[in-house]
Amino acid sequence: MSRRPPDARPACATTRRQALAAAASLCLPAAGEARAQANFPQRPITLVVPFAPGGIADLMARAVGEAIGRQLGQPVVVDNRPSAGSIVASQVVAKAAPDGHTLLLMSNGNAVSVGLFRTLGYDPQRDFAPVSTLGFFDLGIFAAATGRFATLADALAFARSKPGQLNVGSVAVGSTQHLAAKLFETLSQTELLVVPYKGSPAVLTALRSGEIDLAFEILGPMLPQLKAGVVRALALSSERRHPMLPEVPTVAQAGVPGYSVASWNALAAPTGTPPAVIATLNRAVREALASKAVQDRLAPLGVRLAASSPAEAQALLASEIRRWGEVIRAAKIEPE
């Protein structure tokens, strides 16, 4: 009977050793990636904001960014890139490395832009990985304190008796305020004269002068005017009354069932960002929004802070794209 040389090994043992070595080599990149994710963030995080400094969205980005930075041990640097439809800021983040170090302050503007522009250079649903919602901004229907309408019911009665003669002001065509007015027109079955202005200050000036009867505007910028007694809120666009203005009815309560509109902000990363990094950012957002420091800074602006899961934020974006697309088509607004 022949004997095996001393250094020989059974074929099956060699095969097992080779298989284990191959498996180990395959695991090395994954282990390296896991270590990189565990060390996130490794440098400052850039939060690209598609609005100019000083507005409510910018203030929210800075308040939440500072809190996230403290938790994660790296500063969050706000990079303002204002443009129509949030396109410029969104393009920057869509093309960034998917490692969690470049984030987008997403808003309902990202949903609206799908229906307003023929080409964006990115796909809001395909090219971004939402992290969490941050907060919601209710809109209001406002009248001048000295105006002829004391309630929304009064304004509706006038609009129905005199089609096309109720003058309603909003910010530019395609803005949340403008589309909220067009949705109101559809659901209330009225014919309004919706007048778009360049910005909120121009809307307020027109309202105070009597150039328009009503204004559709975000609640936050109007709070000082309400406190000063310059304007009155006839109704708010939320599903429930706002805790800061419990005496003001919702639009649905005031005579337009089914009406509910809110502007919103969310945090998003480029698609391909590792799930572990998304989870880390989501936890940081939740802790930030729960902190007294952030609540004290943002609650007086009329913001309803609200965190979500990444899946819930993605679902919100998808539903808003569908909803505002329908409103844009109904209003016969041609994409640019």
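Read on for a plain summary of the structure. Since we're looking at a predicted model, the values are computed, not measured.

1. Focus on the overall build of the protein
When helices and strands are tallied, the protein shows eleven helices and ten strands. In the protein, which comprises 336 residues, the proportion classed as buried is 50%. Long-range pairs, those at least 24 residues apart, make up 77% of the contacts in the protein with a sequence separation of at least 6. Entry remark: accessible area of the protein is about 15900 Å², with carbon and sulfur atoms responsible for 57%.

2. Notes on the pairing of strand β2 (residues 76-80)
Here β2 shows a buried face lined by Val76, Val78 and Asn80 and an unburied face lined by Val77 and Asp79. Pairing geometry for strand β1 (residues 45-49) and β2, over five bridges, is parallel. By the bridge assignment, Thr46 is partnered in β2 with Val77.

3. Topic: the nonpolar core
By size, the foremost hydrophobic cluster in this structure holds 86 residues, and its most contacted members are Val64, Ile68, Leu152, Leu166, Phe184, Leu214 and Tyr259. Setting aside its immediate chain neighbours within four residues, Val64 contacts Leu134, Ala288, Leu289, Val294 and Leu298. Residues Val171, Ala206, Leu219 and Leu245 belong to the second largest nonpolar core, which totals 20 residues.

4. What about the pattern of salt bridges?
Counted by the stated rule, this structure contains nine salt bridges. Across the pair Glu66 and Arg297 runs a salt bridge whose closest N-O atoms are separated by 2.9 Å. Taken together, the residues Glu66 in helix α2 (residues 56-72) and Arg297 in helix α10 (residues 292-298) connect sequence positions 231 residues apart. Overall, the relative accessible area of 40% leaves Glu66 in the partly exposed class. Residue classification places Arg297 among the partly exposed residues on the basis of a relative accessible area of 41%. With a shortest N-O distance of 3.1 Å, Asp213 and Arg148 are connected by a salt bridge. In this pair, Asp213 sits in the loop between α7 (200-209) and β7 (214-218) while Arg148 sits in the loop between β4 (128-144) and α5 (152-161), placing the two residues 65 residues apart along the sequence.

5. Quick look at the side chain of Gln177
Tracing the sequence through the fold places Gln177 in helix α6 (residues 176-188). There is a polar contact of 2.8 Å between the side chain of Gln177 and the side chain of Glu217. In this structure Gln177 touches Leu139, Ser170, Val171, Ser200, Phe216, Glu217 and Ile218, once residues within four positions along its chain are discounted.

6. Digging into the environment of Ala150
With respect to the secondary-structure elements, Ala150 resides in the loop between β4 and α5. If we skip the residues at most four places from it in the chain, Ala150 touches Arg232 and Leu234.

7. Comments concerning the pairing of β7
Of all five residues that make up β7, five are buried, and the element is covered over most of its length. Neither face of β7 is left uncovered, since the one carrying Leu214, Phe216 and Ile218 and the one carrying Ala215 and Glu217 both have all their residues buried. Pairing analysis gives two bridges linking strand β5 (residues 167-171) to β7, with the strands arranged parallel. Of the residues in β7, the one forming a bridge with Gly169 is Ala215.

8. Points about the packing of aromatic side chains
One pass over the full model with this rule turns up four aromatic pairs. Relative to Phe216, the ring of Phe184 has its centre 5.5 Å away and its plane inclined at 65 degrees; by these criteria the two rings are edge-to-face. Taken as a pair, Phe184 in helix α6 and Phe216 in strand β7 lie far apart in primary sequence, 32 residues in all. For the residue pair Phe184 and Phe216, the accessibility class agrees, reading buried in each case. Measuring from ring centre to ring centre gives 5.9 Å for Phe184 and Tyr259, while their planes differ by 80 degrees; the resulting arrangement is edge-to-face. Highlighted residues: Phe184 in helix α6 and Tyr259 in the loop between β8 (231-236) and β9 (262-270), separated in sequence by 75 residues. Each member of the pair Phe184 and Tyr259 is classed as buried. Of the aromatic side chains, those joined through ring pairs into one cluster are Phe184, Phe216 and Tyr259.

9. Here's the deal with the environment of Glu247
Checked against the element boundaries, Glu247 lands in the loop between β8 and β9. Classification of Glu247 by relative accessible area gives exposed; the value is 55%. C-alpha of Glu247 to C-alpha of Ala235: the two residues are twelve residues apart in sequence and 9.5 Å apart in space.

What counts, and at which threshold
- Residues numbered from 1 in each chain as written.
- Predicted model: local features only at pLDDT ≥ 70, side-chain atom pairs only at ≥ 80, totals over all residues.
- Heavy atoms only, no water.
- Helix = DSSP H or I, 4+ residues; strand = E, 2+ residues; numbered from the N terminus.
- Buried < 20%, exposed > 50% of the residue type's maximum accessible area, 1.4 Å probe, protein only.
- Contact = heavy atoms within 4.5 Å.
- Areas by Shrake-Rupley, 256 points an atom, 1.4 Å probe, with all protein chains shown as cover.
- Pairing = 2+ DSSP bridges.
- Core = buried A, V, L, I, M, F, W, Y, C linked by side-chain atoms within 4.5 Å.
- Salt bridge = Lys/Arg side-chain N within 4 Å of Asp/Glu carboxyl O.
- Polar contact = N/O pair within 3.5 Å; in protein donor to acceptor, adjacent residues only side chain to side chain.
- Phe/Tyr/Trp six-rings, centres within 6.5 Å; stacked < 30°, edge-to-face > 60°.

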